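# Tertiary structure, described
Here's the letter readout for the chains.
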Amino acid sequence: MLTYGGNDEVMQSVEADGGWENMKKEETHYVGVSSLSSAMVRHAAPKVPVIIKDLQSAQGSVYDGQRITATAFLAQLLLSSDLGGLILLDPLMENMTSRLKDSSVTVRMLAVRGLGNIASGYPEKVRKHGTHLLTAMINAMDDRDDPEHIVTQEAMSSLCRLLPHIPDTDLYSLLIHTAIRIRPFFDHERTDLRTASIMLFGTLSKFVSGQEEVLSEQILNGLVTLLLHLQDPKPDVVK
């Protein structure tokens, strides 16, 4: 369809990224859809607004697969500022927020990723909606129906990107809760969870100014664990 529509560049870009192969497998389908979304932004941006309109209705589908596909495509769009005035950002943000309560854990993870992507594509929106985004990330880390912690991991990674753009006045009330919440993941058996939690802990430590004694205490209590993980078998965790 892309070929007949004169969008060979999109097709080739997705092919080079392994997107078509990823789409064929259930466990990596959303990765392939994200590749297609990125390629459309780069090579066919004027066609994106019409696609957004159709996918927004698909986000409310009764079928998990349709919601996963739609959310993956839309979440990836928020990573790029190249769409400029072609799209309305606020409705997209609202769509991502509404998916945070989705029954599919994959959809919830992708919605968290979409909100985190705003830090890269539209940092000025992060400054404007700081409290809303922080609350969404904290709630995502407390997801009780996430046995594999994929939503939690995405929330930790997204917070690392969002925090530098959020005004200090919106931050301090949530810093303590976040520091305490992520500590158990320092020693998790999964490398990606150890890495994400320690990276977020390091990001949080940048906001300690000396007046937040409770947060300072959390940072100090984490030092021994961090020193021990310098001997972690995984290089990403050591880094």
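As named in an unreviewed UniProt entry, the protein is Maestro/Maestro-like HEAT-repeats domain-containing protein, taken from Aquarana catesbeiana.

What follows covers the overall build of the protein. Per the secondary structure count, the protein includes 14 helices and zero strands. When the elements of the protein are put in sequence order from the N terminus, they spell out α-α-α-α-α-α-α-α-α-α-α-α-α-α. Taken against the 2.2 N^0.38 rule, which gives 18 Å for 239 residues, the C-alpha radius of gyration of the protein at 19 Å falls within 12% of a compact globule. Each principal axis of the C-alpha distribution contributes one length, and for the protein these read about 60 × 40 × 30 Å. The buried share among the 239 residues of the protein stands at 50%. For the protein, the proportion of contacts with a sequence separation of at least 24, taken over those separated by at least 6, is 66%.

One way to put it is that helix H10 (residues 150-162) packs onto helix H12 (residues 191-205) with a least axis distance of 9 Å and a crossing angle of 30°. What the angle tells us is that H10 and H12 run roughly parallel. The two elements H10 and H12 meet at a crossing, and its hand is left-handed. Contacts from Gln153, Met156, Ser157, Leu159 and Cys160 in H10 reach Asp192, Leu193, Ala196, Ser197, Met199, Leu200 and Thr203 in H12. When the residues that make up the contact of H10 with H12 are grouped by side-chain class, the tally is seven nonpolar, four polar and one charged.

Take serine 34: it is sitting in helix H3 (residues 29-43). Residue classification places serine 34 among the buried positions, given a relative accessible area of 9%. For serine 34 and arginine 181, which are 147 residues apart along the polypeptide, the C-alpha to C-alpha distance reads 29 Å. Leave out the neighbours within four places in its chain, and serine 34 touches Ala72 and Gln76.

For the rest of this paragraph, the subject is the packing of aromatic side chains. For the structure shown, the criterion picks out one aromatic pair. Measuring from centroid to centroid gives 5.1 Å for phenylalanine 186 and phenylalanine 201, while their planes differ by 80°, and the two rings are edge-to-face. Taken together, the residues span a long stretch of sequence, with phenylalanine 186 in the loop between helix H11 (168-182) and H12 and phenylalanine 201 in helix H12 at a distance of 15 residues. Phenylalanine 201 carries the same exposure label as phenylalanine 186, and that label is buried.

A few words now on the pattern of salt bridges. As enumerated under the stated definition, the model contains ten salt bridges in all. Between aspartate 90 and lysine 125 there is a salt bridge; the shortest N-O distance is 3.1 Å. Here the residue aspartate 90 occupies a position in helix H6 (residues 89-98), and lysine 125 occupies one in helix H8 (residues 123-128), the gap between them amounting to 35 residues. With a relative accessible area of 17%, lysine 125 lands in the buried category. Between aspartate 142 and arginine 181 there is a salt bridge, with the nearest N and O atoms lying 2.6 Å from each other. Of this pair, aspartate 142 sits in the loop between helix H9 (130-141) and H10 while arginine 181 sits in helix H11, and the two are 39 residues apart along the sequence. Salt bridges sharing partners connect three or more residues here, namely Asp64, Arg67, Arg99 and Asp102.

For the rest of this paragraph, the subject is the side chain of threonine 203. Residue placement: threonine 203 occurs in helix H12. Beyond its immediate chain neighbours, meaning those up to four positions away, threonine 203 contacts Cys160 and Leu163.

On to the side chain of asparagine 95. Locating asparagine 95 in the fold gives a position in helix H6. Overall, asparagine 95 belongs to the buried group, its relative accessible area being 16%. Not counting chain neighbours up to four residues away, the residues in contact with asparagine 95 comprise Gln56 and Gln59.

In this section: helix H5 (residues 64-77). Here H5 is 14 residues long and its end C-alpha atoms lie 20 Å apart, about the 20 Å a rise of 1.5 Å per residue gives. Within H5, ten of the 14 residues are buried, which leaves it mostly tucked inside the rest of the structure. For H5, the complete set of buried residues consists of Arg67, Ile68, Ala70, Thr71, Ala72, Phe73, Leu74, Ala75, Gln76 and Leu77. Buried residues belonging to H5 abut H3, helix H4 (48-58), H6 and helix H7 (105-121).

A few words on the packing of H6 against H7. Taken N-terminus to C-terminus, the directions of H6 and H7 make an angle of 145°; their axes are 8 Å apart at the nearest point. Crossing angle aside, the handedness with which H6 passes H7 is left-handed. Here H6 contributes Met93, Met96 and Thr97 to the contact with H7, which in turn contributes Leu110, Ala111, Gly114, Leu115 and Ile118. Residue composition of the contact of H6 with H7, by class: six nonpolar, two polar and no charged.

Here is what the cut-offs are and how they apply
Residues numbered from 1 in each chain as written. Predicted model: local features only at pLDDT ≥ 70, side-chain atom pairs only at ≥ 80, totals over all residues. Heavy atoms only, no water. Helix = DSSP H or I, 4+ residues; strand = E, 2+ residues; numbered from the N terminus. Rg over C-alpha atoms; globule rule 2.2 N^0.38 Å. Buried < 20%, exposed > 50% of the residue type's maximum accessible area, 1.4 Å probe, protein only. Contact = heavy atoms within 4.5 Å. Axes fitted to C-alpha atoms, helices over the stretch in contact; angles between N-to-C directions. Parallel < 35°, antiparallel > 145°, perpendicular 65-115°, else oblique. Left-handed = near helix turned anticlockwise from the far one by under 90°. Nonpolar A, V, L, I, M, F, W, Y, C, P; charged D, E, K, R; others polar. Phe/Tyr/Trp six-rings, centres within 6.5 Å; stacked < 30°, edge-to-face > 60°. Salt bridge = Lys/Arg side-chain N within 4 Å of Asp/Glu carboxyl O. Expected span 1.5 Å × (residues − 1).

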